[in-house]
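Okay, here's what each chain looks like letter by letter:
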Amino acid sequence: MNPYLLIVLLTSLGLGTALTLSSTHWLLAWLGLEVGTLAILPLMAQPHHPRATEAATKYFIVQATAAATLLFAAINNPWLQGHWDIQHMSHPLFTSMITLALLLKLGLAPMHTWMPEVIQGVSLNTGLIVSTWQKIAPFILLLQIKQIHPPLLTIIGLASILIGGWGGLNQTQLRKILAYSSIAHLGWMVLILQHSTALATFALLIYIFMTSATFITLKKCKATTINMLTTTWTKAPTITLVAPLMLLSLGGLPPLSGFAPKWFILQEHTQQNFIPHASIAALAALLSLYYYLRLSYSITLSLSPNNLPECLQWRVNYPISTPLSSALPAALALTLFLLPLTPSALTLII
């Protein structure tokens, strides 16, 4: 892709998200969402492969459906209530419509079916943007809506955690596994949204750090399937050492950073006497933990299929440093060692 066009598209992505974050008017928020959607589509279709074109088409149809629903509800709310303010939605029907439209944009269950197919069809770089940056604007809009029906968020959150864990069990494509991982993590955020917006924001930040580190690691290893992970120990020994810890952090094991949001979310639900919700979420997290352990096993304890009686040659690669690879050490540090700094992080967010 032309570098100048790439700069324009990435700038448009940033401006669209910034416009949504800084607006209190529904039309401006909708405009920011659409700018971000239109900017990501050329990046998705850029490989000029039928699968990439199919993924871009699916993404456009889903996002256009969600945007039309959101715009319809946003127009009808001032017609009945007399204002366009995001934080003062009072009509239950239109509030529910906007909530469902934003959840469709995020890819939460039961409106999740588009996300694994879209992530599978695009490159790892674009998948990183779709899984992280494109989630920020819809999620911040959810944080600003005060009159969301609590049972709706609880049902969708628990369903997303269950489906995100269950759907990734039989997958062999790494991008689909990360898509189901994204669904499960977003389910945790939606589950706590009605009780603590600070914890939801904290969980979003930790998710972005962990997912960014995972996508960048897979990009450096040039791995897209589980079988391709079995050769990383001869290509990148250092990454082979830290990748299992990174995956276990995604699974939420202590003392890694991914444990902190799950711990605080379960603690908050227990304090609010929602013990069945906390129990279901904790048990469903074991499903996700299984395929993270499966990936860790493939990286560290498996050999690549090889029928020839010959020794594997070490071929350590030292590629030219890129901005994406330069961000890997910082992303790994935040993924692995943020747990002791959790109280300070929560203080800054609150």
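What counts and what doesn't
Residues numbered from 1 in each chain as written. Predicted model: local features only at pLDDT ≥ 70, side-chain atom pairs only at ≥ 80, totals over all residues. Heavy atoms only, no water. UniProt positions renumbered as here; feature names shortened; annotations may be inferred. Helix = DSSP H or I, 4+ residues; strand = E, 2+ residues; numbered from the N terminus. Buried < 20%, exposed > 50% of the residue type's maximum accessible area, 1.4 Å probe, protein only. Axes fitted to C-alpha atoms, helices over the stretch in contact; angles between N-to-C directions. Parallel < 35°, antiparallel > 145°, perpendicular 65-115°, else oblique. Contact = heavy atoms within 4.5 Å. Nonpolar A, V, L, I, M, F, W, Y, C, P; charged D, E, K, R; others polar. Domains from an automatic or database assignment. Buried area = accessible area lost by both parts, 1.4 Å probe. Lys, Arg positive; Asp, Glu negative; His and termini not counted. Salt bridge = Lys/Arg side-chain N within 4 Å of Asp/Glu carboxyl O. Expected span 1.5 Å × (residues − 1). Patch = residues over 30% accessible without salt bridge, like charges linked within 9 Å, V, L, I, M, F, W, Y side chains within 5 Å. Areas by Shrake-Rupley, 256 points an atom, 1.4 Å probe, with all protein chains shown as cover.

A.B. asks: Can you help me understand the UniProt feature "transmembrane region" (unreviewed entry) in the protein chain in this one?
C.D. replies: When the UniProt feature table is mapped onto this chain numbering, "transmembrane region" (unreviewed entry) sits at residues 28-47, 59-80, 92-110, 151-169, 190-216, 236-253, 274-293 and 327-349. Measuring from the first to the last C-alpha atom of residues 59-80 gives 32 Å, for a span that is 100% helix and 0% strand. As a span, residues 92-110 carries 79% helix and 0% strand, and end to end its C-alpha atoms are 21 Å apart.

A.B. asks: How should I be thinking about helix α5 (residues 114-121) in this particular structure?
C.D. replies: Since there are 3.6 residues in each turn of an α-helix, residues three or four apart along the chain are aligned in direction. Buried residues dominate α5, accounting for seven of its eight residues. Where α5 is concerned, the buried positions are W114, M115, P116, V118, I119, Q120 and G121.

A.B. asks: In this structure, what is going on with the environment of T197? I would like to understand it.
C.D. replies: With respect to the helices and strands, T197 occurs in helix α10 (residues 197-221). In this structure, the C-alpha to C-alpha distance between T197 and Q144, residues 53 residues apart in sequence, is 9.2 Å.

A.B. asks: Is there a simple way to think about the packing of helix α14 (residues 259-271) against helix α15 (residues 275-300) in this case?
C.D. replies: Packed helices, taken two at a time, are described by the angle between their axes plus the distance between the axes. Where α14 meets α15, the closest approach of the two axes is 7 Å, and the angle between their N-to-C directions is 155°. Relative to α15, the element α14 lies roughly antiparallel. Counting all contacts with α14, which are made through L266, H269 and T270, the residues of α15 involved are I275, H277, A278, A281 and A282. Across the contact of α14 with α15, the residue classes tally to five nonpolar, three polar and no charged.

A.B. asks: Help me understand the side chain of T17 in this model?
C.D. replies: Counting through the fold element by element, T17 comes out in helix α1 (residues 3-22). In this structure T17 touches G32, W133, I136 and A137, once residues within four positions along its chain are discounted.

A.B. asks: Just to check I follow, could you spell out the domain arrangement of the protein chain for this structure?
C.D. replies: The parts lose accessible area when they come together, and the size of an interface is often stated as this lost area. Here the protein chain is partitioned into domain 1 (1-148) and domain 2 (150-349). Placing the centre of domain 1 and that of domain 2 at their C-alpha centroids yields a distance of 23 Å. Facing the 27 residues of domain 1 at the interface are 33 residues of domain 2. When the area that domain 1 buries against domain 2 is broken down by residue, the three leading residues are Q120, L124 and F139, summing to 24%.

A.B. asks: Before we go on, may I ask you to explain the side chain of K135 in this structure?
C.D. replies: You can see K135 is positioned in helix α7 (residues 133-144). For the buried residue K135, which engages in no salt bridge, the nearest side chain bearing the opposite charge is E34, 14 Å off. In contact with K135, other than residues within four places in its own chain, are K105, L106, G107, W114, M115, V130, S182 and L186.

A.B. asks: What is the right way to look at the environment of V242 in this model?
C.D. replies: Here V242 is to be found in helix α13 (residues 237-251). The sequence separation of V242 and L158 amounts to 84 residues, and the corresponding C-alpha distance is 30 Å.

A.B. asks: Even after reading the chapter, I still don't get helix α8 (residues 150-167), so can you show me in this structure?
C.D. replies: Taking 1.5 Å of rise per residue, the 18 residues of α8 would be expected to cover 26 Å, and the 25 Å separating its terminal C-alpha atoms lies within 8% of that figure. All of the buried residues in α8 are L153, T154, I156, G157, L158, S160, I161, G164, G165 and G167.

A.B. asks: Got a minute to help me understand the pattern of salt bridges in this structure?
C.D. replies: Once their charged atoms are close, side chains differing in charge can pair, the charge on each being opposite to the other. Per the stated rule, a full pass over the model turns up two salt bridges. Between E54 and K58 there is a salt bridge whose closest N-O contact spans 2.9 Å. Placement of the pair is E54 and K58 together in helix α3 (residues 50-81), with a separation of four residues, close to one helical turn. Since its relative accessible area comes to 29%, K58 is described here as partly exposed. A salt bridge links K176 to E117, with the nearest nitrogen and oxygen atoms 3.4 Å apart. With K176 in helix α9 (residues 174-193) and E117 in helix α5, the pair connects residues that are 59 residues apart, well separated along the chain.

A.B. asks: I would appreciate a short explanation of a nonpolar patch on the surface in the present structure.
C.D. replies: Taken together, the side chains of M1, L5, L6, V8 and L10 present a nonpolar region at the surface, about 400 Å² in accessible area. Counting through the fold element by element, L6 comes out in helix α1. We classify L6 as partly exposed; its relative accessible area is 33%.

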